[in-house]
Each structure stands twice: as C-alpha cells, then as structure tokens.
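# A closer look at the structure
Residue-level listing of the chains:
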Amino acid sequence: MIDRRDFIKGALLAGAAPRLACALPTTRNAAVQVVVDADCLAARHFQALCTQPTQPLGAPLRWLEQLARASSPAAFGLGRDSGFFVVSQACAAYGYRLVYHGEHDFGGERLRHHLRGAHGPLDDLAADLGRAGAQWPSILARAVPRLAMTDDIAMAASHHIEAAHDDARRGHLVSWCLRRA
Amino acid sequence: MKAAAPAAPAIDAASAKRALAALRAAVGKDWVFAGDDAALDTYRDAYAIAPPADTRPWAAVAPANLKQLRKVLEAARRHKLTLWPLSTGRNLGYGGAAPRQAGAVMLDLKRMKRIIEVNETLAYAVVEPGVSYLDLAARLAKLGGRLWVDSTASPWGGPLGNFLERGVGYTPYGQHAETQCGLEAVLADGTVIDTTANGHAKTAHLYRYGHGAWLDGLFNQSNFGIVTRIGVQLMPAPAGYRPYLVTLAAEDDLGALVEALRPLGLDGRLAGRPTLMSLARAAAYGVTRAECQPGTGPLLTDTETRLMSEHALGRWNLYGALYGAEALMDAGVGELENALRAVPGARLHFAATRAGDAAFQCRAALMGGTPSMDEYRTLDWVGAGAHLDFTAVLPFDGDAARAASRVAREVCHAHGFDYCAEFQLEARALRLEVRVVFERDVIARQRAAHAALAALGAQFASMGHGTPRAHLAFMDDTAASYKWGDDALMRSSEAVKDVLDGQGVLAPGKSGLWPGRYAHRRK
C-alpha cells in the first residue's frame, strides 16, 4: 500500500534527469547517496565515496527512483544546476529538504565559492575551501558526511570565498545536500 | 522549521475546521495537507515570479479514485471551498503546480495514476491524471516497445494534463489534442460523464465522436469539470526512423525555409512535428552563456558567429525526422533536399555527423518516442535558470514568421534576455514558443522576465496572433485579447460556467474564466 512518503512517487520516477549519467548506484556510506555529473571533471574526487564509481546508470532519472527506494536519509550532488533543480523538485515530494547548497565558479584567474548551510559543518568547509585552491573538489568530497548529518533547513550560515586560481577552463557547478525530514 | 502560515480561505475558523474534517473523511487523514504541513510548499511555482505567499494554497487533498473525488467535491460544495485540480503539476514555464489565488484547496490527482488499458492491437492507452509520460513509456517498453509514447520535453508531466493544457510533442502523434480519444470527467455537482456517451462503447478510444454535441473540447483549458481519464492514441513503432537537422546560415533564410516547407506540410510530406530553433536556444543544450560571452546584454554578432562555427549550428536550426521503410525515408530525404534548394543558406545534417551534439541527441530522442529531460540543460545557459514561456500561433507563412521573430527578438533583447525561441511546425500554422530564460533566484530578473512576457502578450495581440497557452499570471490578459464581438466568447464561457459550476468550486480564474461569485473579476 502506498504510504504518505511515497506520495506523488509515480509521476516522478523512471525517466531521465539532465545527464545525471554518472549517478552512482550505491555509496559506501549508507547515510548518504552521492550523485555526480558525468561531465564534471571534479567527479573523480568523489569516487572514494562510492562503491561503483565508474558505472553509468543509464536512463538518468532512475537515480531518483533509487533514491526514493533507498533508506538513505540524505543525498549529495555535484554538477550542473539543472540536475540539482530536477532532483530537488522531485525529492521534495519525498520529504527531502535542502540543507546545504554551494556554487562554484571557476575559470580565468579567480575561483569563487558561495556556500549556504548550517553553521558548524559549513564554517569548517568554508575555512578549508579558503585554502584549497584547485583541490576544492577533494575538500568538498571529504566534507560530504558532515554536511549530510545536519537537518537544519534554515541554512542560516553563508560564506563567500574568493581566491586566485589560474584555470583556462571556465565553468559553474553547484553542490547540494538534501536530507529527509 | 515550520512552513509559513498559509493564507486562509474566505470562511471562518470553525467552518474551516469542519471543512478539513470533511475532506479527511473523504480521502483519509493522511491525504489532506493543511496548516503548517511542509507538503503544501510543493504546490508552488518553482519558477515563481510573484512571492510564493501570493498563491500558497490553504490545503491540499489527494483522492485515490473517482469515488473519493466525488466525496471531495461534495465537501467542497458544502463548505464553499474552491478546488484547483492538478494532474502531475509539471506545467513549468506556465505557472507549474501553483493555483491562481492563495487560499485554494489543491485537488492533487497524482494518486489516480492507473494505466487502465494498453491496447497493442489498436494502439491506444487509457490513463488517469497521475500517469506521467515516463510511466507510460516504461509500461510500453515492458510490453516490447511496439508502441511509442509521444512525450513533451518535460516527461515527468503526463498525457492527460498535457492534453488539457494544449501541449504538444514531437513525433507524428505530437498534436496531443488530436491523439486524445475518449474522455471521462466529473462535474462540480458530482455528475460523471463519458464524452463518447457510452462508457462501454467498443470504439470509445478509437473514434472520437458519440452522438450529439461533442464535448471533449469543453474541458480543455477550462474549469468546467475535472477530467479523470482519457484515451491516448499511440504511434506504432515505425519500420525505420531517421532524425535530421537543417541549419540556416542567415536570419533571412528563416522566411525562405518556411515558404519552402509549406507545400510539404500541407500535403503531409513533412513528417512528424519539426521544430525550428533559434541559435541561442539550440546552443544552450551544450554550453553556458558565460562560456560564450562574459557580462550582460544580447549576444554579440561575433559571439553568434563563433557559436555557429564551433558547434556547427545555424542561425536557425530545424530538428525533424523521417519515419518508415528505408525507401520511404530515402524519398523523404529527396523531397527535403528539393525543398531546401530554395533556401540559400540551408544545410542538411544527419545523425552520423551530430554525435556530440546535445541538442540533436535530445531532439532525436523525443522525435523517436523516447522521453528525455535533457531540455532542462538549456536552463544552465544562465546558471541557476528558470523559464517563462510565451506561445503564439501564426500562419505557416515566411513573412509572418520573419515579422513575428523580429518582434519577439526585440522584446527579449529590450528586457535583457537572449532570444531563445522555437517554431513548432504544424500543417498550416506555426506555433512560436518564446522562452524567456532567467536567473531564478534574482528578483530583478524575475521581474524583467515577467515584464518581457507581458510585452510579448501585448505585441502579439496587437499583431492579431492568437495565444494557445498562457501563464497563470497572464490568463486574464490573454482572455481579454479574445474579446471580439463584445466579448461574446467569454460571455458564452461564463454562461456555461454558471450552469455547470454555479457555486464556483472549480479552478476560479482558470484561463481567465471566473465564476459568478467572483463577479468583480469578470470584465
């Protein structure tokens, strides 16, 4: 019998999200599901979090189906905003709420991070990213378990971090964490 | 943290309490969402251009079947509630899942998600409101893929809601108003009608007409009843499928292409429902604006030239497909090549040369009966993107296309937006969909997008072009653009509304049609 949590489920599942193709079927840490955009060069830093890091998932929205069926209380992602949008919209129906959001602009001579989330884990992440430079994806990957622990949807903390960073590639990525209420 | 207090309906606290109790009695306590329930937050427009509080519902109720739905209607009538029906709630760009006014009770039909029938012999399905294109595609795949689903570019929406909102797809079955066949609806007083006039007719989903007045259209984009099931005719998988792209080198080629394709459209040789996309709209599948050009302002000519060169795109890009046996498709290519001889800057491409082309891959999937959500990638054009859509319909005529495109481009640029547009080719008409892509978290851009949509509506109305779909915020304005004959059309609709839903229970303001008890909103 369908329960309240599964409400809206059918309309959301079994399809295709924007290139969430490198969605990782299972994660080492059962407390958080991790999804990283296949097109994202930073994805390799997150492989340690996953048991099958290189296996593409095929039809992209299947990841959402997996998330819905998983008992994981949290989901973390890094990729394009459109992927975040689709996942957050779909997951809202399952009671997932945003507890962390980061924007990462790189290219040219500057690297910028704009982070929102709960004090504590976010403050620590901001401090680490301030020193990370090009290694920021690695730092972010290490922060995932702590970011996923919070259930504070107020996201009262906010940090802007800007650093010199010489990178010919220009890009904009978002990272996010959703937690089931 | 608790959600913000919702707006209350126009009834006192004691009555509201009784109303909620009646709704819970109808569907069970788990399926009524009210008060500070965060679930109510899901009934908002994800691309809101007004503060969410403006349209926050008072409650939501989710019946599982027709019996419960009729009980909900009974409760609504007794307690003077207004219901805003919702199928899958994915009408993004036109208002999403939000109602027109705060205080409504969302009638969420997502639990009514049965695929009642798939008939492989006669190629149709019968679905309820909560069935998405993804659901239907999965069912058809499980049955062996002998039938295709014609999906929109937003397949988490469903066939029933898309039909009701005059949506379209991209295969030869892409005009969804024409592939719907058979319809069941519930009126505000609880009466259930089947428009084939006989719920047991063996041809209910094969032949569109019963006896007497044909009422299906009455429920399309209206608030006369709640549609609870429709028949959807499905396309048998063709023997072959060959997607193509025609790129145009110059803006001036647009009119020439439309003229060249019209004869093919009129006599059925233009297969499927081809889509002609502006450069920015096609490019946005694969790159972001920031990667093309820093800062704000319209794309520079140099930028556009570079985009065209680096991504092998045209100033305009026609995505189409041929279907059938190889010989038939070869003949179709010949027809197309002949037609394109009249278009100096046209170049024809096929899949073999578009392997890394994200736009081509997405369009090829959709035209080939495979749902894809990759169109959402185009919102990355501006980072955290959202979109408002404006749709106008114009004659299949080169001059009309050129003039409409020029106006739409000027409006977009004047409001600080790139020109992201597409013409969807019908047999005799062109649907121009202008997509205003904006940064969804930037209030100034939300307002600019809203202003752009208003300007587009005013401009196209003054040019005499109709608007087959309207955003929630512009439904009254759009309705007012159809006021010929002393507003006879609206007055007739109001008369029907007064008869079928005199109490004004269902979707007040839908498509600009207000019930009598909202007389102050009637024009």
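Scroll up to find the structure.
Okay, so let's go over this structure. (Residues numbered from 1 in each chain as written. Chains lettered and ligands numbered in written order. Predicted model: local features only at pLDDT ≥ 70, side-chain atom pairs only at ≥ 80, totals over all residues. Heavy atoms only, no water.)

## Concerning empty space enclosed by the protein
Residues and elements named next belong to chain B.
- Scanning all chains against the criterion turns up seven cavities of 30 Å³ or more.
- Approximately 110 Å³ is the volume attributed to the second largest cavity.
- The wall of the second largest cavity is formed by 16 residues, among which D150, H176, T179, V232 and Q233 lie closest to the centre.
- Among the secondary structure elements, those contributing two or more residues to the lining of the second largest cavity are α3 (133-142), α4 (159-164), α5 (176-179) and β10 (226-233).
- Ranked by the residues each element gives to the lining of the second largest cavity, the list is headed by β10, at three residues.
- Residue classes in the lining of the second largest cavity are distributed as eleven nonpolar, four polar and one charged. (1 Å grid on protein atoms, 1.4 Å probe; cavity = no way out; pocket = protein on both sides within 12 Å on 5 of 7 lines; lining within 4 Å. Points joined across faces, edges and corners; volume = space filled by probe spheres on them. Helix = DSSP H or I, 4+ residues; strand = E, 2+ residues; numbered from the N terminus. Nonpolar A, V, L, I, M, F, W, Y, C, P; charged D, E, K, R; others polar.)

## Structural notes on the side chain of T275(B)
- When you line up the elements, T275(B) lands in strand β13 (residues 275-278).
- When residues no more than four places from it in sequence are discounted, the contact partners of T275(B) are Y170(B), N317(B), L318(B), Y319(B), R363(B), E422(B), F423(B) and Q424(B). (Contact = heavy atoms within 4.5 Å.)

## Notes on the packing of helix α1 (residues 13-27) of chain B against helix α2 (residues 66-79) of chain B
All names here are of chain B.
- Contact geometry of α1 with α2 gives a least axis separation of 8 Å together with a crossing angle of 170 degrees. If you check the angle between α1 and α2, you find them roughly antiparallel. As for the relative orientation of α1 and α2, their crossing is right-handed in sense. Along the contact surface, α1 presents S15, R18, A19, A22, L23, A26 and V27, while α2 presents Q68, K71, V72, A75, R78 and H79.
- Tallied by class, residues from the contact of α1 with α2 come to seven nonpolar, three polar and three charged. (Axes fitted to C-alpha atoms, helices over the stretch in contact; angles between N-to-C directions. Parallel < 35°, antiparallel > 145°, perpendicular 65-115°, else oblique. Left-handed = near helix turned anticlockwise from the far one by under 90°.)

## A short note on helix α4 (residues 121-132) of chain A
- Here α4(A) is twelve residues long and its end C-alpha atoms lie 16 Å apart, about the 16 Å a rise of 1.5 Å per residue gives.
- Where α4(A) ends, the next residue or the one after it, G133(A), has phi of about 60 degrees, a positive value. (Expected span 1.5 Å × (residues − 1).)

## Details of unusual backbone geometry
- Even without glycine at this site, M155(A) takes up a positive phi of about 50 degrees.
- The phi angle at D487(B) is positive, at roughly 60 degrees, despite the residue not being glycine.
- By the secondary structure assignment, D487(B) is in helix α15 (residues 484-500).

## Quick notes on the nonpolar core
All names here are of chain B.
- Formed by 94 residues in total, the largest nonpolar core has its most connected members in W381, F423 and L432.
- Residue contacts for L432: discarding those within four places in its chain leaves F390, T391, A392, L394, A404, A408, Y419, A421, E422, F423 and F460.
- Judged by nonpolar contacts, the second largest core, of 31 residues, contains L23, W31, V72 and L109. (Core = buried A, V, L, I, M, F, W, Y, C linked by side-chain atoms within 4.5 Å. Buried < 20%, exposed > 50% of the residue type's maximum accessible area, 1.4 Å probe, protein only.)

## As for the sheet that holds strand β9 (residues 192-194) of chain B
Residue and element names in this part refer to chain B.
- The antiparallel open sheet is built from five strands, whose spatial order is β5-β6-β10-β8-β9. Of all strands in the sheet, those bounded by a partner on one side alone are β5 (115-119) and β9. Here the strands of the sheet are splayed against their neighbours by 10 degrees on average, with no regard to which way each runs.
- Pairing of strand β8 (residues 180-186) with β9 involves three bridges; the strand directions are antiparallel. Along β9, the bridge assignment pairs A185 with I193. (Pairing = 2+ DSSP bridges.)

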